[in-house]
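Close look at the chain arrangement
Listed below are the residues making up each chain.
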Amino acid sequence: MRYIRYAFWGVLAIVLISVAIANRGIVTLNLFPEAIADLVGVNQSIALPLYAVILAGIAFGLLIGFVWEWLREHKHRSAKSRSQKELKQAQREMRRLKGDSGEAQDEVIALLDKAG
């Protein structure tokens, strides 16, 4: 399984390197379209290689997807936490009730119940 993982990462690296080599051209990214930039008075732009823009877009999309999924699963995590809290409370109650009923027993039996 480890070799399959290494092979996957190797193929992914080769693909990313080939995309980077094939898309080395410089592109200019503008913050706003020209009409809006003239209206607002802000004309921010940056020149980057095309592969950097492509890889940054993929990384940003993955980040948004991970955050979205984390927020979507919040109800499941909170339900699990609530269930664990209820389980611990029930276990404490069970131990308390078991301890109350064991007072009339012999000391040896009470020790065996605590160990088990």
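The paragraphs below set out a description of the structure included in this document. (Residues numbered from 1 in each chain as written. Predicted model: local features only at pLDDT ≥ 70, side-chain atom pairs only at ≥ 80, totals over all residues. Heavy atoms only, no water.)

**Structural notes on the pattern of salt bridges**
- Here the structure, examined in full by the defined rule, presents 2 salt bridges.
- In this structure, R72 engages E69 in a salt bridge whose closest nitrogen and oxygen atoms are separated by 2.4 Å. Separated by 3 residues within a single helix, R72 and E69 lie in helix α3 (residues 50–72), roughly one turn from each other.
- Its relative accessible area of 29% is what places E69 among the partly exposed residues.
- One salt bridge connects E93 with R96, and the closest N-O pair in it is separated by 2.5 Å. (Salt bridge = Lys/Arg side-chain N within 4 Å of Asp/Glu carboxyl O. Helix = DSSP H or I, 4+ residues; strand = E, 2+ residues; numbered from the N terminus. Buried < 20%, exposed > 50% of the residue type's maximum accessible area, 1.4 Å probe, protein only.)

**Observations regarding a nonpolar patch on the surface**
- A cluster of nonpolar residues, F8, W9, L12, L16, L50, I54, L55, I58, L62 and F66, forms a patch on the protein surface that exposes about 910 Å² of accessible area.
- Taken together, the elements giving at least two residues each to the nonpolar patch come down to α1 (2–22) and α3.
- Examining the composition of the nonpolar patch, we find that 6 residues originate from one element, α3, more than from any other.
- By the secondary structure assignment, I58 is in helix α3. (Patch = residues over 30% accessible without salt bridge, like charges linked within 9 Å, V, L, I, M, F, W, Y side chains within 5 Å. Areas by Shrake-Rupley, 256 points an atom, 1.4 Å probe, with all protein chains shown as cover.)

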